[in-house]
Amino acid sequence: MKLIVARHGETLMNQQRKFYGSLNVVLDKVGQQQAQLLAEKVLPLKPTLLVQTNLRRTQQTLVPLRQSLPQVPVLTLPDLAEKGFGRWEGLDANQIQAQDPDHWQRWLAAPLTYTPPSVEPFHDFETRVERGLKWLKQHAVATEVIFLVAHLGTLRVIDQLLLQDQTYFYDRQFQSACYTLYEWDAQQIPLVVRNQ
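Bear in mind the structure is a predicted one, so any value in this text is a computation, not a measurement.

Novice: Quick question: what am I supposed to make of the overall build of the protein chain here?
Specialist: The helix and strand tally for the protein chain stands at seven helices and six strands. Going residue by residue from the N terminus, the α and β elements of the protein chain occur as β-α-α-β-α-β-α-α-α-β-α-β-β. Projected onto the principal axes, the alpha-carbon positions of the protein chain cover approximately 50 × 40 × 25 Å. In the protein chain, buried positions account for 51% of the 196 residues. Sequence-distant contacts, at least 24 apart, represent 69% of the contacts inside the protein chain between residues at least 6 apart. One finds the centroid of the 20 positive side-chain charges in the protein chain at a distance of 3 Å from the centroid of its 19 negative side-chain charges.

This is how it looks when you write it as structure tokens:
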């Protein structure tokens with residue numbers, strides 16, 4: 001089984017460097033171009049299942065590939081949605097610092113262990129993504145070529161779960177308009193290519 005993953009295309013909030021987690025924002029023009037480029041890269045890999053989250057930015061990223069592969073089924077997995085940032089969503093770092101300085105500084109010091117009010121705890125996010133990933137593997141056949149479009153935080157969790165290496169969470173990079181491919185067959189899951 002092959003698992004191909006990619007980050008959704010750019011949104012306006014990416015440009016504005018805002019937290020947007022569970023907000024249902026759409027791709028901007030650059031993001032739409034990235035979706036087209038991504039589709040051209042992934043098409044030769046012949047995916048047999050397309051997976052998106054319940055957030056529009058992943059669904060819009062899949063549109064060009066879906067148009068090229070109308071016969072390939074599409075699955076929506078809400079468990080693979082981005083981490084929720086509660087009342088911080090829609091704000092940039094300066095705005096959060098101004099509105100919530102104590103919690104912001106505590107979160108910056110320990111982003112994987114400290115949970116500000118209204119923010120989804122990292123452990124809960126990680127558990128949710130792991131549940132979604134396990135469900136996907138249990139319901140896919142061994143010959144499946146799965147293409148998943150998700151979110152940066154989600155992809156970092158998946159990478160961490162699959163590779164079981166010592167790379168720090170925030171050092172796991174997934175570039176826009178690029179895919180990463182894992183062979184998802186063996187007990188040890190090798191990374192085949194990253195950010196192609």
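That shown, we press on.
Novice: For this particular structure, what's the right way to read helix H7 (residues 152-163)?
Specialist: End to end, H7 covers 16 Å across twelve residues, agreeing with the expected 16 Å (1.5 Å per residue, within 8%). What H7 keeps buried is the set Leu152, Gly153, Thr154, Leu155, Arg156, Val157, Ile158, Asp159, Gln160, Leu161, Leu162 and Leu163. Considering only its buried residues, H7 is in contact with strand E1 (2-7), helix H6 (122-138), strand E4 (145-150), strand E5 (179-183) and strand E6 (191-193).

Novice: Which parts of the structure should I look at to understand the environment of Arg106?
Specialist: By secondary structure assignment, the location of Arg106 is in helix H5 (residues 101-109). Residues Arg106 and Pro116, ten residues apart in the sequence, show an inter-C-alpha distance of 8.2 Å.

Novice: Is there a simple way to think about the sheet that holds E5 in this case?
Specialist: Sheet strands pair by backbone hydrogen bonding; their relative direction is either parallel or antiparallel. As summarised here, the arrangement of the six strands in space is E3-E2-E4-E1-E5-E6, forming an open sheet in which the pairing is mixed. Unpaired on one side and paired on the other, strand E3 (74-76) and E6 mark the two borders of the sheet. Here the average twist between neighbouring strands, direction ignored, is 25°. Here E1 runs beside E5; their pairing, made up of five bridges, is antiparallel. When the sheet's bridge partners are listed, Ala6 is paired in E5 with Tyr179. Of the strands in this sheet, E1, E4, E5 and E6 are in contact with H7, which crosses E1 at around 150°.

Novice: What am I meant to see in the pairing of E1 here?
Specialist: One face of the sheet, then the other: side chains in a regular strand alternate in exactly this way. Within E1, five of the six residues are buried, which leaves it mostly tucked inside the rest of the structure. Two elements, E1 and E4, share six bridges in a ladder whose sense is parallel. Looking at the pairing, Lys2 lines up with Val145 of E4.

Novice: Just to check I follow, could you spell out the nonpolar core for this structure?
Specialist: Within soluble globular proteins, side chains that are nonpolar tend to cluster in buried spots. If you look at the biggest cluster of nonpolar residues, it comprises 28 residues, and the most contacted ones within it are Leu3, Ile146, Leu148, Leu162, Tyr182 and Trp184. Among the secondary structure elements, those contributing two or more residues to this core are E1, strand E2 (49-52), H6, E4 and H7. At seven residues, H7 tops the list of elements feeding residues into this core. Every residue in contact with Tyr182, bar those within four places of it in the chain, is listed here: Met1, Lys2, Leu3, Val5, Asp159, Leu162, Leu163, Phe174, Ile189, Pro190, Leu191 and Val192.

Novice: Is there a simple way to think about H6 in this case?
Specialist: In an α-helix there are 3.6 residues to a turn, and that puts residues three or four apart on one side. The end-to-end C-alpha separation of H6 is 24 Å, in line with the 24 Å expected for 17 residues at 1.5 Å each. Among all positions of H6, only Phe122, Phe125, Arg128, Val129, Gly132, Leu133 and Leu136 are buried. Relative to the axis of H6, the buried residues are bounded by an arc of 130° and lie together on one face. The exposed set on the far side of H6, more than 90 degrees from its buried face, consists of His123 and Gln138. Among the structural elements, E1, E2, E3, E4 and H7 are those in contact with the buried residues of H6.

Thresholds, definitions, all that
Residues numbered from 1 in each chain as written. Predicted model: local features only at pLDDT ≥ 70, side-chain atom pairs only at ≥ 80, totals over all residues. Heavy atoms only, no water. Helix = DSSP H or I, 4+ residues; strand = E, 2+ residues; numbered from the N terminus. Buried < 20%, exposed > 50% of the residue type's maximum accessible area, 1.4 Å probe, protein only. Contact = heavy atoms within 4.5 Å. Lys, Arg positive; Asp, Glu negative; His and termini not counted. Charge placed at Lys NZ, Arg CZ, Asp CG, Glu CD. Expected span 1.5 Å × (residues − 1). Pairing = 2+ DSSP bridges. Axes fitted to C-alpha atoms, helices over the stretch in contact; angles between N-to-C directions. Core = buried A, V, L, I, M, F, W, Y, C linked by side-chain atoms within 4.5 Å. Arc of directions from axis to C-beta.

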